Amino acid sequence: MTLLRRQHTKPGRSYTLAVLCIILVATLPAAGNLRTLAAAPPIALTVVAISVQQVDVSWKLDRTGLAGATSVQIQRDGMHLSTVDANTAHYTDAAVQPSMSYTYVAVVQDAAGQTLAQSAPGQIRTPALPETPDTTPPTPPEELGVMAHPGYVLLDWYYATDDSDVTAFLLRRNDQRLAVVPASTLKYIDTDIQPGTVYTYTVESIDTVGHHSPPETAPAITALAGPAPAMTAPGPSSGDRLSAPAVPSFMHNISSHLTRYPYLTDLVDRYVIINWATDRTSTDGAVKWGKVSSNGSCTPNTTVSASQVSINVNGVNEYQWNADLTLTPETQYCYRVYLDDTDLLGTDPSPRFWTQIPSGSSKPFSFAVFGDWGAVDGTDLDIDRANLMQQIAASGARFAVTTGDNGYPSGSQTNYGDLWQTGPDTSAIFGPSFWTVAGASMPLFPILGNHGLSRSDTYHPHLITWPQDKAVELSHGTYEIETYCCVNDSASARYPSGWYAFDAGTARFYVLDAAWADGNIGSASAYENDYAAHWTPSSAEYQWLERDLAAHPNALKFAFFHYPLYSANKHETSDTFLQGSNSLEGLLGRYDVAIAFNGHAHLYQRNRAAPGGVISYLTGGGGGKPEPIDGSCGTIGMYAIGWSSSGGSACGVDQPKEPGSAAEVFHFLLVTVNGGHVTVAPTNSQGSTFDVQTYTFGSVAATPTNTPTNTPTNTPANTPTNTPTNTATRTPTNIPPSNTPVSHSDTEPPSRPTNVTAIHDKENRITLSWSSSTDNIEVTGYIIRRDGKELATVNGNTLTYVDTSAELSTTYSYTVIAFDAAGNYSSPSAPAMVTTDTKVARDSLFFPIIVK
């Protein structure tokens, strides 16, 4: 990474994302949030930059006040573009240029050419051309759903991805154009409906250069009768956000040259990197730093020069700066950043941070984990996102690690943003209310996700924004662009690869790469491509991880990667390719990794360890649009909560309560390490903890009675004090005992199930049966696996299972595993093989099979 950053000191071109300006919005909020204007405007105008060469101009007329309207004249920058019939609702301007600002007006006229009404002006800026050619269409939007309400139909969907950026969505109804909305809009309310009529909706993604994705189609739906809701109030003007968080006071104190508040990365051993961004008025940047004295004072007096990289944020040319500091471990420092002789922090106090806890130290510490974050869409959710950053900043965590997808929707420099620019999908990370709040004192180790993995930027935003030089160097990891050729018939492509490890006290942290670009699938799935590229036993990342795990047998180990081992969301599902003994799950289990942290699905889920596996947490509630629990938790998922436009959802063995708002699903994990005790305290954006668990790994030190020394004295209310002990913990064998181990009262597994039979007795149906297992206390359930993958779970009194998903002329292998209440698992049964036969299946539909 050092070479990569040093090679980037020359100015270069960069990509900008389209910015939407809606002057008067015709779309409506979700059900339950509708509000009526006292007097709706006679013409509501919407403009969307579809691509570098097209702007979509659309409008709605209030016919009650414009009865004589016969035509609509479209003007751009005061010049006449076109005149269309009054019944026409949109116009496409295909004569625009990249990176240009335009102002549109719609003028309603009568048959005599007299003006009846004129819209407010709609301003827009077209996106810039990608830095490298974009030849790939975007992915379709994810999980399109429709819901019929009295008087309207609600459409709701999730993000799409592209190697430049998704700029807009095209909505069709019954194959006819319905609307074009910007990429930051993920819902639409159709009020122009006829009760009793069946409608089919599709949504297509459009990227910067005008490529369209394949359509995503929702199930047909019948419109319901009822009063149509009124139009909403006028939307935001250019650069504004609805319900945006308040601007912090420091924005009035800093230099106008500072565009990204300083933030920290690469906190390993004696090292740290200080990062910030500025305008391009100078090429001389530096950091001054000093050590905090015993009386609490600190004067930055040692100067370190910084290097810069040229970036472009939403059309604004900036410099990204970083400075490498070599310090003393377990010491508190302060610092300031400079451009020439200008102190960029103005009258702000000098930020303070602690260097890393030395490897092998038994000192307790905490770290934060969150993922799928960095989104801003001008809704009340922005308040929740900002509140979550405040909670992380106040948590006392020594550092933070993400679980991927850093910056929505595309991980671009515009999505990352800066202190001054606002708007949809702009400044979702480095805006003043987001990571800026925590990043000056809390170093961050972000991992790669599928959003933003494929980029057409000359320099990939992830690698230059989050440098981790020493962590990569010291662990012999990888942090660079690599060519992935032809995985499962996918196109050869260059993607960032990022995996490395670092130490903190007695723990070792593994930052891994488990993601794939959604738009380059080939003949497989994104999950399968990721497995083939990263997690076969012969892959470079797998072999590096196995070597490093084996080289650190006495460490308490944590792993972080994007795709989830287990997920109760039907779209971002469990990654079965990462499961099992021959993949990542088995590798982590064999080397006694304590906990794995995943993202991808925008929810919270705690999972117990599968046989031979690892305890895992799905923590994807860092800021992306929340997603529901709409799949099964099975017996692996202990506690899961989610959110959608339909409300809260939950599942799990521990029977969690459904959340009452999205604010309860936006969350991070505060993980406290004290000897063999590990406490995981999920904390939501309101500051409330939930599902707090304490695990015991190996031998234990004394129960923690205080917090790490870097924890503020005004410890927030969300810091756990009385946390329950998880009674289903797993004790690794690689940590030598020094005190009396804490163990379960029940450590004996059930016996292996026997006499497993599988009979194909009907089309698509196989009936399984087996003999009961025994246990020293009680068998509480059985796991049924088909071809090595979990198929179902039944209770301990059930000795049969009917598989209705079998296909004809196919051979299947079934095994059964018994488990008890303490989480002990039997070894798998001998496999029962069966081949479905077309003739037997057809005959059994008409002739009953009688077994005596």
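Whatever comes next refers back to the structure up there.
Each chain carries its own residue numbering, running from 1 in the direction its sequence is written. Per-residue local features are limited, in this predicted model, to residues with pLDDT of at least 70; the limit for side-chain atom pairs, both in listing and counting, is 80 or more; totals at the level of whole chains, interfaces and linings are taken over all residues. Hydrogens and water are ignored here; the side-chain numbers use all heavy atoms of the structure.

Caption draft 1: Examining the overall build of the protein more closely. Secondary structure assignment for the protein yields ten helices and 48 strands. For each residue, the accessible area found with a 1.4 Å probe, counting protein chains only, is set against the maximum for its type, and the residue is called buried under 20%, exposed over 50%, and partly exposed in between. Going through the 852 residues of the protein one by one, you find that 59% of them count as buried. Two residues qualify as a contact provided that any one of their heavy atoms is within 4.5 Å of a heavy atom in the partner residue. In the protein, the share of contacts with a sequence separation of at least 24, taken over all contacts with a separation of at least 6, comes to 68%. Residue exposure ignores everything except the shown protein chains as possible cover, and the areas themselves are Shrake-Rupley values with a 1.4 Å probe. With the model as given, the accessible surface of the protein reaches about 31,800 Å², and the carbon-plus-sulfur share is 51%. In this description a helix means any DSSP run of H or I spanning at least four residues, a strand means any run of E spanning at least two, and both kinds are numbered starting from the N terminus.

Caption draft 2: Geometry of helix H7 (residues 526-535). In terms of burial, H7 is largely enclosed, as seven of its ten residues are buried. What H7 keeps buried is the set Ala526, Tyr527, Asn529, Asp530, Ala533, His534 and Trp535. Elements in contact with the buried residues of H7: strand S30 (478-484), strand S31 (493-504), helix H8 (540-551) and helix H9 (584-590).

Caption draft 3: Region of the structure containing the sheet that holds strand S5 (residues 90-93). Two strands are said to pair when DSSP picks up at least two bridges between them. Taken together, the three strands give an open sheet; going across it, the order is S1-S2-S5, and neighbouring strands pair in antiparallel fashion. Looking along the sheet, the strands with just one partner apiece sit at the ends: strand S1 (43-51) and S5. Along the sheet, successive strands turn relative to each other by an average axial angle of 15 degrees, direction set aside. One ladder, built from eight bridges, connects S1 with strand S2 (residues 54-61); its direction is antiparallel. Along S2, the bridge assignment pairs alanine 49 with valine 55. Every axis in this analysis is a line fitted to C-alpha atoms, fitted for helices over the stretch in contact. Angles between the N-to-C directions lie between 0 and 180 degrees.

Caption draft 4: Broad picture of the sheet that holds strand S41 (residues 693-696). Spatially, six strands are ordered S29-S28-S27-S39-S40-S41 in an open sheet, and the strand pairing comes out mixed. The outermost strands of the open sheet, each flanked by one partner alone, are strand S29 (444-445) and S41. One ladder, built from four bridges, connects strand S27 (residues 365-370) with strand S28 (residues 399-402); its direction is parallel. Counterpart to phenylalanine 370 in the pairing with S28 is threonine 402. Strand contacts of helix H2 (residues 381-393): S27, strand S39 (667-674) and strand S40 (677-684), with the helix running at about 10 degrees to S39, the strand carrying the most contacts.

Caption draft 5: Spatial organisation of the packing of aromatic side chains. To pair, rings of Phe, Tyr and Trp, with the six-membered ring standing in for Trp, must have centres within 6.5 Å; the planes then decide the type, stacked if under 30 degrees apart, edge-to-face if over 60, and tilted in the middle. A complete count under the given rule lists 52 aromatic pairs for this structure. Their ring planes at 45 degrees and their centres at 6.2 Å tell us that tyrosine 199 and tyrosine 201 sit as a pair that is tilted. Here tyrosine 199 falls in the buried class, since its relative accessible area comes to 5%. Here, a charge over a ring means that NZ of Lys or CZ of Arg falls within 6 Å of the ring centre while also lying within 35 degrees of the ring normal. When the ring centre of tyrosine 338 is taken as reference, the NZ or CZ atom of lysine 288 above it lies at 4.9 Å. In this structure, arginine 608 packs its charged tip against the face of phenylalanine 819, placed 5.5 Å from the ring centre.

Caption draft 6: Just the nonpolar core, in detail. In this text, buried Ala, Val, Leu, Ile, Met, Phe, Trp, Tyr and Cys residues form a nonpolar core when linked through side-chain atoms within 4.5 Å. By size, the foremost hydrophobic cluster in this structure holds 91 residues, and its most contacted members are Trp435, Phe558 and Ile595. It is strand S18 (residues 258-268) that provides the largest number of residues to this core, a total of six residues. Those residues within four positions of tryptophan 435 in sequence are excluded, and the remaining contacts are Tyr263, Phe370, Trp373, Met389, Ile392, Ala400, Ile429, Phe430, Met442, Leu444 and Trp466.

Caption draft 7: Geometry of the side chain of asparagine 275. The residue asparagine 275 is located in strand S19 (residues 271-278) in this model. Aside from chain neighbours lying at most four places away, what touches asparagine 275 is Tyr261, Pro262, Tyr263, Leu264, Thr265, Gln320, Trp321, Asn322, Thr465 and Pro467.

Caption draft 8: Up close: unusual backbone geometry. The peptide bond linking tyrosine 408 to proline 409 adopts the cis configuration, its omega dihedral lying at 0 degrees. Positionally, proline 409 belongs in the loop between S28 and helix H3 (413-416). Although it is not a glycine, aspartate 77 adopts a positive phi angle of roughly 55 degrees. On the secondary structure map, aspartate 77 appears in the loop between strand S3 (71-76) and strand S4 (79-85). Looking at aspartate 77, the relative accessible area reads 44%, which means it is partly exposed. For histidine 600, which is not a glycine, the phi torsion comes out positive at approximately 85 degrees. Summarising the element assignment, histidine 600 is placed in the loop between strand S34 (595-598) and strand S35 (604-607). A residue is classified by how much of its surface remains accessible, and histidine 600, at 8% relative accessible area, is buried.

Caption draft 9: Representation of the pairing of S27. In terms of burial, S27 is largely enclosed, as six of its six residues are buried. With five bridges joining them, S27 and S39 adopt antiparallel strand pairing. Bridge pairing in S39 links valine 369 to leucine 669. Here the term right-handed applies to a crossover when the path leading from its first strand over the helix to its second strand runs clockwise, the strands being oriented away from the viewer. You can see the chain leave S27, run along H2 and come back into S28, and the turn it takes is right-handed.

Caption draft 10: Quick peek at the pairing of S4. Pairing analysis gives six bridges linking S3 to S4, with the strands arranged antiparallel. If you follow isoleucine 74 over to S4, its bridge partner there is serine 82. From the end of S3 to the start of S4, which pair antiparallel, there are two residues, and aspartate 77 there has a positive phi angle of about 55 degrees.

Caption draft 11: Molecular detail of the state of the cysteines. Working definition: a disulfide is two cysteine sulfur atoms within 2.5 Å of each other. Taken as a whole, this structure holds three disulfides when the rule is applied. The disulfide that involves cysteine 298 links it to cysteine 334, with 1.9 Å between the sulfurs. What sets the handedness of the cysteine 298 and cysteine 334 disulfide is the S-S torsion sign, and at about -85 degrees it is left-handed. On the criterion of sequence distance, the pair formed by cysteine 298 in the loop between strand S20 (285-291) and strand S21 (302-305) and cysteine 334 in strand S24 (residues 332-339) is long-range, its members being 36 residues apart. Owing to a relative accessible area of 1%, cysteine 334 belongs among the buried residues under this scheme. Paired by a disulfide, cysteine 485 and cysteine 486 hold their sulfur atoms 2.4 Å apart. Counting only the cysteines that form disulfides, in the order they appear in the protein, gives the pairing 1-2, 3-4, 5-6.

Caption draft 12: Representation of the pattern of salt bridges in the model. Any Lys or Arg side-chain nitrogen found within 4 Å of a carboxyl oxygen on Asp or Glu counts as a salt bridge. Within the structure shown, the criterion is met by 20 salt bridges. With its nearest N and O atoms 3.6 Å apart, the salt bridge here joins arginine 270 to aspartate 269. Judged by its relative accessible area of 35%, arginine 270 falls in the partly exposed class. Of the charged contacts in the structure, one is a salt bridge between arginine 786 and aspartate 803, with a shortest N-O distance of 2.8 Å.

Caption draft 13: Up close: the environment of threonine 132. When you line up the elements, threonine 132 lands in the loop between strand S8 (122-125) and strand S9 (142-149). Considered as a pair, threonine 132 and arginine 455 are 323 residues apart in the sequence and their alpha carbons are 9.0 Å apart.

Caption draft 14: Representation of the environment of proline 42. On the secondary structure map, proline 42 appears in the loop between helix H1 (2-6) and S1. For proline 42, a relative accessible area of 36% translates into the label partly exposed. Between the C-alpha atom of proline 42 and that of leucine 116, which follows or precedes it by 74 residues, the distance is 9.3 Å.

Caption draft 15: Region of the structure containing H8. Expected helix span is given by 1.5 Å per residue-to-residue step, counting one fewer step than there are residues. For H8, with twelve residues, the first-to-last C-alpha span of 17 Å sits near the 16 Å given by 1.5 Å per residue. Taken together, the buried positions of H8 are Glu541, Tyr542, Trp544, Leu545, Asp548 and Leu549. Angularly, the buried residues of H8 cover 165 degrees about the axis, an arc narrow enough to put them on a single face. Residues Ala540, Arg547 and Ala551 are exposed on H8 and point more than 90 degrees away from its buried face. By construction, the arc corresponds to the directions joining the helix axis to the C-beta atoms.

Caption draft 16: Broad picture of the side chain of histidine 600. At 3.3 Å, the side chain of histidine 600 forms a polar contact with the side chain of asparagine 450. Polar side-chain contacts of histidine 600 include one of 3.1 Å to the side chain of histidine 562. Not counting chain neighbours up to four residues away, the residues in contact with histidine 600 comprise Asp372, Asn450, Tyr527, His562, Tyr563, Pro564, Glu572 and Glu627. N or O atoms within 3.5 Å of each other form a polar contact, as long as, within protein, one can give a hydrogen and the other can take it, and as long as residues adjacent in sequence are counted only when both atoms are side-chain atoms.

Caption draft 17: Representation of the environment of proline 750 within the structure. Residue position: proline 750 is located in the loop between S41 and strand S42 (754-762). Separated by 68 residues in sequence, proline 750 and alanine 818 place their C-alpha atoms 6.2 Å apart. Each residue touching proline 750, except ones within four places of it in the same chain, is listed here: Thr774, Asp775, Val779, Ala818, Phe819, Asp820, Asn824, Tyr825 and Ser826.

Any link to function would need more than the numbers given here.
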